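Now for the letters of each chain:
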Amino acid sequence: MKKAFALLLVFAMILSLCACSGGGSTEPPAASVSQEPAAATGGSANTTIVWGDWMLSEDAYVGIYGAMVENFDAAHDNITVETYTQPYSSYLDQLLIASAAGNGPDVAHIKAEWLPQFLALGVVKDLYPYVSQEVLDDYSSSALEAATIDGKLVGMPWFCNAYAMFYNKALLEQAGITELPTTMDELMEDAAKIAALGTDENGNKIYGLALANSGLEASEGYNLLPVLWGYGAEYQDPSGKIAIASDEGIQAFTAIQDLYVNDISPKGASFKDIRNLFGQGVIGFYWDAEAALSPCAAAAPDKDAFYENVGAMVIPANDSPNGYGYLSERYMIVFNSCSDEKMEAVSEFLEYMSGSEAIQVLQDNNQGKMSSRSSVMDTVFANVDSEITKAFIQAMGSARSLPSGNLSFLDADEILSNAVTQLAQGADVTAVINGAQTQIQELYDSQ
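Because the structure is predicted, anything quoted here is derived from the model rather than measured. (Residues numbered from 1 in each chain as written. Predicted model: local features only at pLDDT ≥ 70, side-chain atom pairs only at ≥ 80, totals over all residues. Heavy atoms only, no water.)

### Description of the packing of helix α10 (residues 247-261) against helix α19 (residues 429-445)
Okay, so step 1: At a minimum axis distance of 10 Å, the contact between α10 and α19 shows a crossing angle of 120 degrees. With respect to their mutual orientation, α10 and α19 come out oblique. Here α10 and α19 pass one another in a crossing that is right-handed. Every residue of α19 that contacts α10 at Ile250, Phe253, Thr254 and Gln257 is listed here: Val429, Thr430 and Ile433. (Axes fitted to C-alpha atoms, helices over the stretch in contact; angles between N-to-C directions. Helix = DSSP H or I, 4+ residues; strand = E, 2+ residues; numbered from the N terminus. Parallel < 35°, antiparallel > 145°, perpendicular 65-115°, else oblique. Left-handed = near helix turned anticlockwise from the far one by under 90°. Contact = heavy atoms within 4.5 Å.)

### A few points about the packing of aromatic side chains
Okay, so step 1: Under the definition given, this model contains 23 aromatic pairs.
Okay, so step 2: Considering the side-chain rings of Trp54 and Trp114, the 5.3 Å spacing of their centres and the 55 degrees angle between planes classify their relative orientation as tilted. Here Trp114 lies in the loop between β3 (107-111) and α4 (115-121) and Trp54 lies in the loop between β1 (47-52) and α2 (62-75), a separation of 60 residues in the sequence. The same class applies to Trp54 and to Trp114, which are both buried.
Okay, so step 3: Within the aromatic cluster, the residues linked to one another by ring pairs are Trp51, Tyr65, Phe72, Trp158, Phe159, Phe349 and Tyr352.
Okay, so step 4: Cation over ring: Lys205 sits above Tyr207, and NZ or CZ is 4.8 Å from the ring centre.
Okay, so step 5: In this structure, Arg400 packs its charged tip against the face of Tyr324, placed 5.4 Å from the ring centre. (Phe/Tyr/Trp six-rings, centres within 6.5 Å; stacked < 30°, edge-to-face > 60°. Buried < 20%, exposed > 50% of the residue type's maximum accessible area, 1.4 Å probe, protein only. Lys NZ or Arg CZ within 6 Å of the ring centre and 35° of its normal.)

### Some details on helix α3 (residues 88-100)
Okay, so step 1: The first and last C-alpha atoms of α3 sit 19 Å apart over 13 residues, in line with the 18 Å expected at 1.5 Å per residue.
Okay, so step 2: Within the span of α3, buried status applies to Tyr91, Leu92, Leu95, Leu96, Ile97, Ala98 and Ser99.
Okay, so step 3: With its phi angle positive at about 80 degrees, Gly102 sits one or two positions after the end of α3. (Expected span 1.5 Å × (residues − 1).)

### Description of the pairing of strand β9 (residues 283-288)
Okay, so step 1: Here β9 lies mainly inside the structure; six of its six residues are buried.
Okay, so step 2: Across four bridges, strand β7 (residues 164-168) lies against β9 in antiparallel orientation. Directly across from Met165, in β9, lies its bridge partner Trp287.
Okay, so step 3: Pairing of strand β8 (residues 207-209) with β9 involves two bridges; the strand directions are parallel. Across the sheet, the residue bridging to Leu209 is Phe285, located in β9. (Pairing = 2+ DSSP bridges.)

### A short note on unusual backbone geometry
Residues apart from glycine generally show negative phi values, whereas peptide bonds are mostly found in trans.
Okay, so step 1: The phi dihedral of Ser219 is positive, around 85 degrees, even though this residue is not glycine.
Okay, so step 2: Tracing the chain through its elements places Ser219 in the loop between β8 and α9 (225-230).
Okay, so step 3: The buried category is assigned to Ser219, whose relative accessible area is 10%.
Okay, so step 4: If you check the backbone angles, Asn366 has positive phi at about 60 degrees while not being a glycine.
Okay, so step 5: Along the chain, the position of Asn366 falls in the loop between α15 (356-364) and α16 (374-380).
Okay, so step 6: Using a relative accessible area of 52% as the deciding quantity, one classes Asn366 as exposed.

### Some remarks on the side chain of Gln257
Okay, so step 1: Checked against the element boundaries, Gln257 lands in helix α10.
Okay, so step 2: Gln257 has contacts with Leu423, Gly426, Ala427 and Val429, leaving out every residue within four places of it along the chain.

### A few points about α15
Okay, so step 1: Considered for burial, the residues of α15 that qualify are Ala358, Ile359, Val361, Leu362 and Gln363.
Okay, so step 2: Packed against the buried residues of α15 are α2, β6 (156-162), α14 (343-353), α16 and α17 (387-398).
Okay, so step 3: Trailing α15 by a residue or two, Asn366 shows a phi angle of about 60 degrees, which is positive.

### A closer look at the sheet that holds β7
Strand pairing in a sheet relies on backbone hydrogen bonds. The paired strands run either parallel or antiparallel.
Okay, so step 1: Read from one edge of the open sheet, four strands run β8-β9-β7-β10, paired in mixed fashion. Unpaired on one side and paired on the other, β8 and β10 (310-313) mark the two borders of the sheet. Each adjacent strand pair in this sheet contributes to an overall mean axis angle of 30 degrees, direction not counted.
Okay, so step 2: Along the sheet, helix α8 (residues 184-195) contacts β7, β8 and β9; its crossing angle with β8, the most-contacted strand, is approximately 170 degrees.

### What to know about the pattern of salt bridges
Okay, so step 1: Counted under the stated rule, the structure contains eight salt bridges.
Okay, so step 2: Taking the shortest distance from any N to any O, the salt bridge between Lys125 and Asp340 comes out at 3.3 Å. Here Asp340 lies in the loop between β11 (326-334) and α14 and Lys125 lies in the loop between α4 and α5 (133-138), a separation of 215 residues in the sequence.
Okay, so step 3: Relative accessible area serves as the criterion here: at 10%, Lys125 is assigned to the buried category. (Salt bridge = Lys/Arg side-chain N within 4 Å of Asp/Glu carboxyl O.)

### Describing the nonpolar core
Okay, so step 1: In terms of nonpolar packing, the biggest core is built from 154 residues, with Trp51, Tyr65, Phe118, Tyr235, Ile244, Phe253 and Ile433 touching the most fellow members.
Okay, so step 2: Of all the elements, helix α18 (residues 409-424) adds the most residues to this core, at nine residues. (Core = buried A, V, L, I, M, F, W, Y, C linked by side-chain atoms within 4.5 Å.)

### Describing the pairing of β1
Okay, so step 1: Note that β1 and strand β2 (residues 79-84) share six bridges and pair parallel. Looking across to β2, one finds that Thr47 is bridged to Ile79.
Okay, so step 2: Taken together, the two bridges between β1 and β3 define a ladder with parallel strand orientation. The partner of Gly52 across the bridge, within β3, is Ala108.

### Re the confidence of the model for the protein
Caution applies to low-pLDDT parts of the model: their predicted coordinates are not meant to be read in detail.
Okay, so step 1: Here the protein averages 89 in pLDDT, and 90% of its residues register 70 or above.
Okay, so step 2: Low pLDDT (under 50) marks residues 16-45, which in the prediction has 50 contacts with non-local residues, meaning those over four places away or in another chain. (pLDDT = per-residue confidence, 0-100.)

### A word on a negative patch on the surface
Okay, so step 1: A contiguous patch of negative charge, built from Glu179, Asp185, Glu186 and Glu189, is present on the exposed surface.
Okay, so step 2: With respect to the helices and strands, Glu189 occurs in helix α8. (Patch = residues over 30% accessible without salt bridge, like charges linked within 9 Å, V, L, I, M, F, W, Y side chains within 5 Å. Areas by Shrake-Rupley, 256 points an atom, 1.4 Å probe, with all protein chains shown as cover. Lys, Arg positive; Asp, Glu negative; His and termini not counted. Charge placed at Lys NZ, Arg CZ, Asp CG, Glu CD.)

Have a look at this one:
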């Protein structure tokens, strides 16, 4: 990670030198970054701000996220929002490079686990001087504390995905499961019963519980944390030391290994693969964000039948009746390159996008985005009818934030993912997890 940042900073310096000497441009490559203005609907604009979001590059989401911008423009005749986007696979790298060179967007949507990298570059503005006290008071104290570093609000909490568990009602019935699992042990037992069904009527393998382990995607490592928590293990102990090799941790990773070696979970599957398989009706349980239900349904032979057959519940745990999902938190960050003259307009944009009107757009489009602003939860989620959404609201009550504050968290995620690949191949659990714990601890100690 340190080497990557050194290369990044060198590259940023080269870009800056080229711009100063007239030998090049610090603008992002036109072929890979869109900065087309969003549709403005009002009078003449006095201030233009640029908003970065990878969702604007995805066909399934550009209309939804673009609608929020259009609504903002309609209500603010003096502000125009232009967009900066990249495909998800390159968004983070390109945003780091652009912000280091001082030519990124004014404000950008990021995952919470990405924040330490931008803080290490020193490119993020403190938002406390610009966000109204009324809006700050609307947030939960824990949300603001998580986004406050050294007394500075380095990210505006936008929304969060609470991860809960989907299940296939028909497969549970076929396996003779009449009650939903309430502990992690029961979940593993039920998953084995479902996998024992063998194949469906078309000869497709049936899996009980699916966990991604392609080794190709970020978050495959920390997606396992609900299993650790479910067995009473922790990622870090109270002193901050990595603790995945505790007795409870070994128990959890042994259960994970059993899923793969006994063909209860597919091997080498990405999140996309699992969503497709769940949509096709051959996975009993898996956890995800609520928004993932749409791509699952897209893979189903009959969408209406799929929605009738799917249920959702909190991920169970041995020591908690409420279970433990996790929160994938999203922030809006503002870069130092954004001029002070723009900050009034930017603060209006931040407050609008985190408010009820914008989150309602996401809810109306079944995106399952929850908020840490009390007014939003009271307004948008007070009277939901969907049993699926109700399960995710329940999951919000016990979901745990990812331990993503360390710069090495994403590298640690990769180490965990590699460890699980070894476990799936039958390697010794204790040896693999002790080795992973040592590697992660050395990363953290090097900061």
